[in-house]
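One-letter residues, chain by chain:
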Amino acid sequence: MNVREFLKNNIVYLDGAMGTILQERGLGVGELPERWNVSHPDVIREIHKAYFDAGSNIVCTNTFGANVLKYSPDELESVVKAALENAFAAREESTSPQEKFVALDIGPLGRMLAPYGDLDFEEAIAVFSETVKLGARYGADLIFIETFSDSYETKAAVLAAKENSDLPVFVSNAYGEDSKLMTGASPAAMVALLEGLGADAIGANCSRGPKALEGVVCEYLKYSSLPVIFKPNAGLPRVENLKTVYDLSAEDFSLEVEELVKKGVRVVGGCCGTSPEYIAKTVKACTDIKVQTVEKKNITAVSSYTHAVVFGEKPILIGERINPTGKKRFKEALKSNDVNYILKEGLDQQSAGAEILDVNVGLPEIDERKMLTSVMSELQAVSDLPLQIDTSNGDAMEKALRRYNGKAMINSVNGTKESMDRVFPLAKKYGGLIVALTLDEKGIPALAEERLEIAKKILSEAESYGIDKKDIIFDPLALTISADQNAAKETLRAVKMIKEELGCHTSLGVSNVSFGLPNRDFINSTFFALAMQNGLSAAIMNPYSLEMMKAYRSYLALSGMDENCGDYITFAQSVSVETPTLTTVSSQTKDASSENTLRAAIIKGLRDSAASISRELLREKDGLDIVNGEIIPALDTVGEQYEKKTLYLPQLLMSAEAAKAAFEQIKAAMPSGKAATKCPFVIATVKGDIHDIGKNIVRLILENYAFDVCDLGRDVPPCEIVNKVLELNAPLVGLSALMTTTVPAMEETIKLLREKAPFCKILVGGAVLNEEYAKLVGADKYARDAMEALRYADEVFESVKK
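Owing to the predicted nature of the structure, the values given are computational and were not obtained by experimental measurement.

K.L.:
Whenever I open this one, the environment of Ile410 confuses me. Can you help?
P.N.:
On the secondary structure map, Ile410 appears in strand S16 (residues 409–414). The buried category is assigned to Ile410, whose relative accessible area is 0%. Linking Ile410 and Ala494, residues 84 residues apart in sequence, is a C-alpha distance of 21 Å.

So, in structure tokens, the structure goes:
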């Protein structure tokens, strides 16, 4: 029996921790655990066998960090081959009767992907691909992608797995205390992305204990049509007798996991702090639970890197303004590669109420394949809205879908064989919600019944590709009433028939109905209201139009979709009584981010604008005044929003990059070419750890607040850190560690710092740390994020000034 077959009718038991057990067995400070596959195969086999004996159906190989960023190609092959041989040997030696499988374990690379970091998306795929190829070559039963905290890196790993093997793919992400990934994705967003990419099972691991992750897992169960994975830690770490232990016993852990298995979780195991005892207790607790069928949820959704937009709860607004048709200034921006103008258009539509942005850059004079991907990537760097990829160019569509961070809308396919043959394979591979136009080789039918027949044909063909109808949204095509007085009536009939007879969602380009008529918004808004009344799910429209927004807000209030008429009241109050124009439809537009100022450019993360506005300001103001009056207040605003979770890490980083671009202009204008700085700050990822995402974020933020940051990089020996502190007489050092196996290296570094540089304050951070852990290793301060690190750095700077 293979894994997919076993998964259909069984609760599947995973193994537990590997790294913490290896530490107990003598893994040295800074030693890479994957090398033990070759140097200590007996220990690895013994651990694997203990998990199989405890009842695990799936044991993960000791390859969490095995990739070509850490190992040479030859050593990587020997490590992966030995890892699989060890797991296979353990399977043979175990006499427990359950089905047993071996998973190739893949962990994150520890580097941020562009545009927030220095690792290109395709480079990440290439790195993961090398490990996947070896796993497939040496006989893995499945691939287990786990502990990823970024949706984009997760997508890169899944594509590598799917493109280089035909093995089942399980994906498990690590969520923070806010129930989101580090880069902002909600569980619903990850469900949309991973279902679209064709994963076999999805869920959450690491992070915290079972109860703390219950909300995350319940959101997976609500949205996922795939089996849900649950692999939590054994609670939170604490210190007992100078040893790190976790606060949940095996018995308590199993009882908490049992409750979620009863709710429908199908794949369970343990992460940090767990052991074979935990798995044995969990298997025993869950043995008599009736296996629940994994139900199709039939949820139509798209997603960005932060959230999902679900269709059917209320009509969705798709901003139409990123499109050159009939827009002279937009065409000029495309021809001159003025991406900044396009980004502002997207951000303004978001402020005006758009929930999805249509992106169309099709002009004969430009390379659409290159431009579409560029605009899409830049938009995703500054806006968290899902995007609708709008192109008839198959190559441009594929490149954009491949690099899109989330599950996109795909605009569009139609009922012609050529169109379906081009679009459906792309949608199947990359996921997406496909906009299907009800036309075919014969053109656009006049009658609603004929459009319905084309819709049925499209659904039938999509099914042959394995594409479910929940991932098709039909556009019954609004035609101008100036040419046919019955055009709107037939479109409205088609909207209603598609909803009622096919159970599918619909979208319309509303403004087409009024082409050739004066005061088009009058017609558009009334048609929009009629379409919503007939069941329209989404509209591609102009969110700046007062008449359209009047119709939308009023419809929601009248239809009971606006609690206490709150959104309508806010909207109505924003419309000027004296001047009948739309002044704002979102409270977000009332703050500094709506102005064309340096502060606004930084808040929005617009690098080019920040640089150009700074150059202009320098003609009138002193550089220091710009820093204190514009840049720092903007960064403070972004920092406050980040801490309140109203914006997320990618937006924080893009704002920091925009501030950096402004700083560069100010530095260049100063006589010395260098702006004044605060005290030196040395930062490094400790010996044995190549993960530097958190470190890089702290560096970027502190640089923008004028600290003189010396970044020593990753895998840095203790003596090198100490020597740099002494050389710079730095009053503060920051140490980062992501893995439990590298915390001893942090402790060793701190001991040496205390001995050689007792004047230096020590700040620590990383996924495996908490405040108690930080005290144990001798640090002065634990910071959970970059903003907390900044506050402590300011405290240290103020103390040394005195």
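From this point, things continue past the structure.
K.L.:
Would you take a moment to explain the sheet that holds strand S15 (residues 387–390) for this structure?
P.N.:
Where strands meet in a sheet, backbone hydrogen bonds hold them as pairs that are either parallel or antiparallel. The sheet built from eight strands closes into a barrel, its strands ordered S13-S14-S15-S16-S17-S18-S19-S20 with parallel pairing. Pairwise comparison of adjacent strand axes, ignoring direction, gives a mean angle of 30 degrees for this sheet.

K.L.:
Help me understand the pairing of strand S22 (residues 708–711) in this model?
P.N.:
A regular strand carries its side chains on alternate faces of the sheet. Bridging between strand S21 (residues 680–685) and S22 involves four bridges; their strand directions are parallel. Within the sheet, the bridge partner assigned to Pro680 lies in S22 and is Asp708.

K.L.:
Just to check I follow, could you spell out the packing of helix H13 (residues 339–352) against helix H14 (residues 368–382) for this structure?
P.N.:
Packed helices, taken two at a time, are described by the angle between their axes plus the distance between the axes. Between H13 and H14, the least distance of the axes is 10 Å, while the angle of their chain directions is 50 degrees. Comparing the axis directions of H13 and H14 gives the class oblique. The chirality of how H13 crosses H14 is right-handed. On H14, the residues touching Val339, Ile342, Leu343, Gly346 and Leu347 of H13 are Ser374, Val375, Glu378, Leu379 and Val382. Of the residues in the contact of H13 with H14, the class split is seven nonpolar, two polar and one charged.

K.L.:
Would you explain the pairing of strand S4 (residues 142–148) in this entry?
P.N.:
Burial runs high along S4: seven of the seven residues are buried. Note that strand S3 (residues 101–106) and S4 share four bridges and pair parallel. What sits directly across from Asp105, in S4, is Phe144. Regarding the hand of the β-α-β motif, the stretch spanning S3, helix H6 (residues 121–137) and S4 is right-handed. Bridge count for S4 against strand S5 (residues 169–173) is five bridges, and the pairing is parallel. Bridge assignment links Ile145 to a residue of S5, and that residue is Val171. A crossover connection joins S4 to the parallel S5 through helix H7 (residues 151–164); in handedness this β-α-β unit is right-handed.

Definitions and limits used
Residues numbered from 1 in each chain as written. Predicted model: local features only at pLDDT ≥ 70, side-chain atom pairs only at ≥ 80, totals over all residues. Heavy atoms only, no water. Helix = DSSP H or I, 4+ residues; strand = E, 2+ residues; numbered from the N terminus. Buried < 20%, exposed > 50% of the residue type's maximum accessible area, 1.4 Å probe, protein only. Pairing = 2+ DSSP bridges. Axes fitted to C-alpha atoms, helices over the stretch in contact; angles between N-to-C directions. Parallel < 35°, antiparallel > 145°, perpendicular 65-115°, else oblique. Left-handed = near helix turned anticlockwise from the far one by under 90°. Contact = heavy atoms within 4.5 Å. Nonpolar A, V, L, I, M, F, W, Y, C, P; charged D, E, K, R; others polar. Right-handed = clockwise from strand over helix to strand, strands pointing away.

Interpretation note: all reported values are geometric properties and have no functional meaning in isolation.
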